[in-house]
Amino acid sequence: MFSLRNSYFFAQAPQNRKSWREGLELHQSETIQVGDRVEILQPSYLVGKTGIVCGKEELSKARSGDRWLVRVIPDEFVVSLTIDEFRALDS
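Reading the values: the criteria
- Residues numbered from 1 in each chain as written.
- Predicted model: local features only at pLDDT ≥ 70, side-chain atom pairs only at ≥ 80, totals over all residues.
- Heavy atoms only, no water.
- Core = buried A, V, L, I, M, F, W, Y, C linked by side-chain atoms within 4.5 Å.
- Buried < 20%, exposed > 50% of the residue type's maximum accessible area, 1.4 Å probe, protein only.
- Helix = DSSP H or I, 4+ residues; strand = E, 2+ residues; numbered from the N terminus.
- Salt bridge = Lys/Arg side-chain N within 4 Å of Asp/Glu carboxyl O.
- Contact = heavy atoms within 4.5 Å.
- Polar contact = N/O pair within 3.5 Å; in protein donor to acceptor, adjacent residues only side chain to side chain.

**As for the nonpolar core**
Logical step 1: Formed by Ile 32, Val 38, Ile 40, Leu 46, Val 53, Trp 68, Val 70, Val 72, Val 79, Leu 81, Ile 83 and Phe 86, the largest nonpolar core amounts to twelve residues.
Logical step 2: Sorting the residues of this core by element identifies strand 3 (37-40), strand 5 (64-73) and strand 6 (77-82) as the ones contributing at least two each.
Logical step 3: Among the elements that take part in this core, strand 5 stands out by supplying three residues, more than any other.

**Side note on the pattern of salt bridges**
Logical step 1: Applying the stated rule across the entire model yields five salt bridges.
Logical step 2: Between Arg 67 and Glu 85 there is a salt bridge whose closest N-O contact spans 4.0 Å. Remark: Glu 85 occurs in the loop between strand 6 and strand 7 (86-88) and Arg 67 occurs in strand 5; sequence separation between them is 18 residues.
Logical step 3: It is possible to trace a salt-bridge network through shared partners that takes in Glu 57, Arg 67 and Glu 85.

**Re the environment of Arg 71**
Logical step 1: Mapped onto the elements, Arg 71 comes out in strand 5.
Logical step 2: With 34 residues separating them in the primary sequence, Arg 71 and Arg 37 have C-alpha atoms 9.6 Å apart.
Logical step 3: Other than its neighbours up to four places away in sequence, Arg 71 contacts Thr 50, Gly 51, Ile 52, Cys 54, Glu 76, Phe 77 and Val 78.

**Structural notes on unusual backbone geometry**
Logical step 1: Following Gln 42, the chain continues into Pro 43 via a peptide bond in cis, with omega recorded as -5°.
Logical step 2: Each neighbour pair has its own omega, and for Ile 73 with Pro 74 the value is 5°, a cis peptide bond.
Logical step 3: Residues other than glycine seldom take positive phi values, yet Glu 76 does so here, at roughly 60°.
Logical step 4: As for its position among the elements, Glu 76 is in the loop between strand 5 and strand 6.

**Section: the environment of Lys 56**
Logical step 1: Mapping Lys 56 onto the fold places it in strand 4 (residues 50-58).
Logical step 2: The class for Lys 56 is partly exposed, based on a relative accessible area of 33%.
Logical step 3: Each C-alpha atom, one on Lys 56 and one on Val 34, is 8.3 Å from the other, the two residues being 22 residues apart in sequence.

**Digging into the side chain of Glu 85**
Logical step 1: One polar contact links the side chain of Glu 85 to the main-chain amide nitrogen of Thr 82, over a distance of 2.8 Å.
Logical step 2: For Glu 85, the contacting residues outside a window of four places in its chain are Glu 39, Ile 40, Leu 41, Gln 42, Arg 67 and Ser 80.

Right, dumping it as structure tokens:
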């Protein structure tokens, strides 16, 4: 939301940042699919590398993990990343 104050627009921060971020992560995680090409944003030693999503990490039978398994190319190894540590590339 925006408000007009002294002829300037100021973005109003969400009242509950955690729920706003969780909503964004939920939306992004719903669009991520196995086989998607992604750019790795974190950790620093992998920044800018390309990867392929292998699937969602399963931590236990009770619940699915909040992490994704991504195969780094051309290095050919797999890393476990949170949804904010990579971004989907345009197909």
